[in-house]
Amino acid sequence: MSKAELTSRSRAGTLARDGQICLLAIRRLALSTSVAALAGLAGLAGAADDSPLPWRDDLSSVDRERVAKVLKITPASLAPFETMPAGKATFAGSLDSNAFSHFTPSLSFEDEQRFKIGNGLFRKIWVSSPASTQASDGLGPIFNARACQQCHVKDGRGRPPLADEPMLSMLMKTVIRDGDGVRPDPEFGEQIQNFSVPGVPAEAETEISHSSHFVTINAGNGKTQQVELLKPAYKLRAPRDQASDGHIHDVDRILGPRVAPQMIGLGLLQSIHAGDLEALADEDDVDGDGISGRVHYLPQPTVENQAPTGPLIGRFGWKATTANIRQQSADAFFNDMGLSTSLRPEAWGDCLPSQETCRSAPHGVGAYGDIQEQFEVSDEALDLVEFYSANLAVPERRNADDPEVLMGKQQFHDAGCAACHTPKFVTSRAAKQDDHQFQLIWPYTDLLLHDMGPELADGIAVGAASGREWRTAPLWGIGLTATVNGHTRYLHDGRARNLLEAILWHGGEAAASAEKVAAMSPEHRSALIKFVESL
């Protein structure tokens, strides 16, 4: 087989099993071992040339050598530039409650202005139609929030509501069981909207209860300790302002809670080369390490008079359901606020045909004087929100050279956490924005789907992602959650009350790592937590 043919077949995923093992080993080692070792293995696989990272078509062979060297992992020591997790998009100022809300420092004056206007739109309070504030109307008719910032508070991480508190930075996806699969919810659509405009009924509210689950960890000196984990359960009830005050019973309905994720570094995640993500994937676990992450391939949107192209790679959302920031923003406008864009043009948002009052309510599309508005959020406004979301800087590391933090870094690798939470990448030279091109970044994610076991499963399949699969969440900035958002709630539903609980909830592919953390000495486990808090 020729070198070109081998490369082509490997990228198409049609190699025989032994060929897959060989190529997978090369790709993973290319991200973590020396250039010398890479060169030898690349020749063994029949790569197109002797340089590592052959899929990096944005780089010269010299650049690929440099990148492979930079990506070498140093578990026991601080690597060069490790304190700057986002390269030149790292914020190095005061880390207070606004730590996630700063712009990428390298932006030009003109782009800084675009960022600030986008910030204004992100914080903007939308109102129902008709309204005198014509640039801000069109909310709903049913919705979860009136502004992006209400969910992504200070551009940070959401949490479950407290008792008697409305659900704002968390929402509920919903589907109906159908045999061995699921189907769309015929009553509520994609998600539960707990607010509505006057004259239109809101859909439902959510009640949360918990049951205790205990995990045994090593307490040192031959002793053990029980850690209580709280598993949430959810019920729908009629909104409190409606005549009915009872629960909404449907034994076949599955509810999937989602807290709002933090917003930092999104433009850099979008700029990771697709080949680097595909290189990390091992869907069939051909190397036998127990990790079988896979890319969530998404269909390319159909464009009139254009030939279809290849699939997109999902990068955003808890199940990697969107490929880019623009689509993610449009989906949020549509589902969470009921606002139309050119990507999601229906002015009624998530209202179903059966919700006639909702569908017939006034909306923000129409003529205002000489202006004809096609969508409630114009393409110009969507551009600005996309730019803002892509350019939120990542805070610099704290205490990265502390001996205990470095010991924790070693424990992080020894426990196998880095098998999914990939420490670093070098972004593509062909990235959409200059500020995101060819940057060494430390997001601690592979953006792949992983089976996280039955305890974290919610049963809601989205696209090709099963109800047990979740995208590896980036860890950068996680140690500032309390500073920015005043809480330490983690995972897709916010069930974990601290980082240790979040780790202990890991199952499926990550179960072995969670067990290793539970078995660590208290000193090593504390160091591991301090390392994660430093990110």
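So, here's what we can say about the structure. (Residues numbered from 1 in each chain as written. Predicted model: local features only at pLDDT ≥ 70, side-chain atom pairs only at ≥ 80, totals over all residues. Heavy atoms only, no water.)

### Things to note about helix H4 (residues 61-70)
Here's step 1: Every buried residue belonging to H4 is among Asp63, Arg64, Val67 and Ala68, and all of these are buried. Down the axis of H4, the buried side of the element spans an arc of 135°, and every buried residue falls inside it. Projecting away from the buried face of H4 at angles above 90 degrees are the exposed residues Val62 and Lys69. (Buried < 20%, exposed > 50% of the residue type's maximum accessible area, 1.4 Å probe, protein only. Helix = DSSP H or I, 4+ residues; strand = E, 2+ residues; numbered from the N terminus. Arc of directions from axis to C-beta.)

### Comments concerning empty space enclosed by the protein
Here's step 1: Following the criterion strictly, the structure yields 3 cavities of 30 Å³ or more and no others.
Here's step 2: When its volume is computed, the largest cavity comes out at roughly 590 Å³.
Here's step 3: Looking at the largest cavity, it is lined by 33 residues, and the ones nearest its centre are His421, Met452, Leu475, Leu491 and His506.
Here's step 4: Listed by contribution, the elements that provide at least two residues to the lining of the largest cavity are strand S19 (469-471), helix H14 (499-504), helix H15 (511-519) and helix H16 (522-534).
Here's step 5: When the residues that make up the lining of the largest cavity are grouped by side-chain class, the tally is 23 nonpolar, 7 polar and 3 charged. (1 Å grid on protein atoms, 1.4 Å probe; cavity = no way out; pocket = protein on both sides within 12 Å on 5 of 7 lines; lining within 4 Å. Points joined across faces, edges and corners; volume = space filled by probe spheres on them. Nonpolar A, V, L, I, M, F, W, Y, C, P; charged D, E, K, R; others polar.)

### Describing the pairing of strand S4 (residues 181-184)
Here's step 1: Of the strand pairs in this sheet, strand S3 (residues 170-178) and S4 are connected by 4 bridges, and their pairing is antiparallel. By the bridge assignment for S4, Asp178 is matched with Gly181. (Pairing = 2+ DSSP bridges.)

### Quick notes on the state of the cysteines
Here's step 1: Counting across every chain of the model gives 1 disulfide.
Here's step 2: Between the sulfur of Cys351 and that of Cys358 lies a disulfide, 1.6 Å long from S to S.
Here's step 3: Given the relative accessible area of 3%, Cys351 is considered buried.
Here's step 4: With no disulfide partner, Cys148 has as its closest neighbouring cysteine sulfur the one in Cys151, 8.1 Å distant.
Here's step 5: A disulfide-free cysteine, Cys420 has its sulfur positioned 8.9 Å from the sulfur of Cys417, the nearest such atom.
Here's step 6: The class for Cys420 is buried, based on a relative accessible area of 10%. (Disulfide = S-S within 2.5 Å.)

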